[in-house]
Amino acid sequence: MTRLLIVGPPGAGKGTQAARIAEKYRIPTISTGDIFRFNIANETELGKQVKAIVDSGDYVPDSLTNALVTDRLNEADAQGGFLLDGYPRTPDQVRYLDELLASHGHALDGVVRLAADQEEVVRRLRQRSVEQGRVDDSEEAIRHRQEVYQRETAPLLEMFHERGLLIEVDGLGEIDDVTARIFAALDARDLGAA
């Protein structure tokens, strides 16, 4: 049973690598964005609350995010482990997740951090923006998302580092090379696939 988080700046290829890790370990990738969209689309009680908050332009509070993640982690496919993407985002969410896992006799096994030079990530996202005609991906918008990531994620990375959970991986280069580095780092931690 493997319980992992994956973190990395926007444009570092987190989604691609998360799918590969999940396949190797035969665990679901659990993305808070996907959870929000699923609950909104299916008009669950929690989904209605999320939709009202998002529609008003506010952030989804920790209490609601925690409730949605708890529901998802209680589903059968997550009992043998999971890979969380986009959660936790705050120190309080980290503490909540710790308590939730501990209540079932579990703990996180590791936090994979895809490290990437900010200028290279901005260049990559600008190129994708041009190729895909994404007018909302201006350089200013891309840089803002990078700054938000740095500001919000740095305190969490320090928490994970202090607990010996942080697994730093160079997130730049060919996709297969990054995957190989991730798997080698996980194997070095004795987190071999099932």
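The model shown is predicted, which means the values in this text are computed figures rather than measured ones.

> How should I be thinking about the packing of aromatic side chains in this particular structure?
The geometry of an aromatic ring pair comes down to the distance between the two centres and the angle between the two planes. Tallying each qualifying case throughout the model produces zero aromatic pairs. Directly above the ring of F183 sits K24, whose terminal nitrogen or CZ lies 4.1 Å from the centroid.

> Would you mind going over helix α3 (residues 45-55) with me for this structure?
Residues lying three or four places apart along an α-helix face the same way, a consequence of the helix completing one turn every 3.6 residues. Within the sequence span of α3, burial applies to L46, G47 and V50. Axial view of α3: buried residues confined to an arc of 95°, hence all on one face. Of the exposed residues in α3, those oriented more than 90 degrees away from the buried face are E45 and D55. Taken together, the buried residues of α3 touch α2 (32-41) and α4 (62-73). Where α3 terminates, the next one or two residues include G57, which has phi positive at roughly 85°.

> Mind showing me how you'd approach the pairing of strand β1 (residues 2-7) here?
Buried residues dominate β1, accounting for six of its six residues. Burial of β1 is two-sided: the residues T2, L4 and I6 facing one way and the residues R3, L5 and V7 facing the other way are all buried. Summarising the sheet, β1 and strand β3 (residues 81-85) pair through five bridges and their orientation is parallel. The residue of β3 that forms the bridge with R3 is F82.

> Can you help me understand the packing of helix α6 (residues 118-132) against helix α7 (residues 139-162) in this one?
Any two packed helices are characterised by how steeply their axes cross, that is the angle between the axes, and by the distance between the axes. It is the contact of α6 with α7, at a shortest axis distance of 10 Å, that shows an interaxial angle of 140°. When the interaxial angle is binned, α6 and α7 end up oblique. In this structure, α6 meets α7 at a crossing whose hand is right-handed. Contacts from Q118, E119, V121, V122, L125 and R126 in α6 reach E139, I142, R143 and Q146 in α7.

> Teacher, can you tell me more about the pattern of salt bridges here?
Evaluation of the coordinates by the stated rule reveals 13 salt bridges. With its nearest N and O atoms 3.7 Å apart, the salt bridge here joins K24 to D187. Placement of the pair is K24 in helix α1 (residues 14-25) and D187 in helix α8 (residues 175-188), with a sequence separation of 163 residues. Here K24 falls in the partly exposed class, since its relative accessible area comes to 22%. Across the salt bridge formed by R95 and D92, the nearest N and O atoms sit 2.7 Å from each other. Taken together, the residues R95 and D92, both in helix α5 (residues 91-102) and three residues apart, mark about one turn of the helix.

Basis of the calculations
- Residues numbered from 1 in each chain as written.
- Predicted model: local features only at pLDDT ≥ 70, side-chain atom pairs only at ≥ 80, totals over all residues.
- Heavy atoms only, no water.
- Phe/Tyr/Trp six-rings, centres within 6.5 Å; stacked < 30°, edge-to-face > 60°.
- Lys NZ or Arg CZ within 6 Å of the ring centre and 35° of its normal.
- Buried < 20%, exposed > 50% of the residue type's maximum accessible area, 1.4 Å probe, protein only.
- Helix = DSSP H or I, 4+ residues; strand = E, 2+ residues; numbered from the N terminus.
- Arc of directions from axis to C-beta.
- Contact = heavy atoms within 4.5 Å.
- Pairing = 2+ DSSP bridges.
- Axes fitted to C-alpha atoms, helices over the stretch in contact; angles between N-to-C directions.
- Parallel < 35°, antiparallel > 145°, perpendicular 65-115°, else oblique.
- Left-handed = near helix turned anticlockwise from the far one by under 90°.
- Salt bridge = Lys/Arg side-chain N within 4 Å of Asp/Glu carboxyl O.

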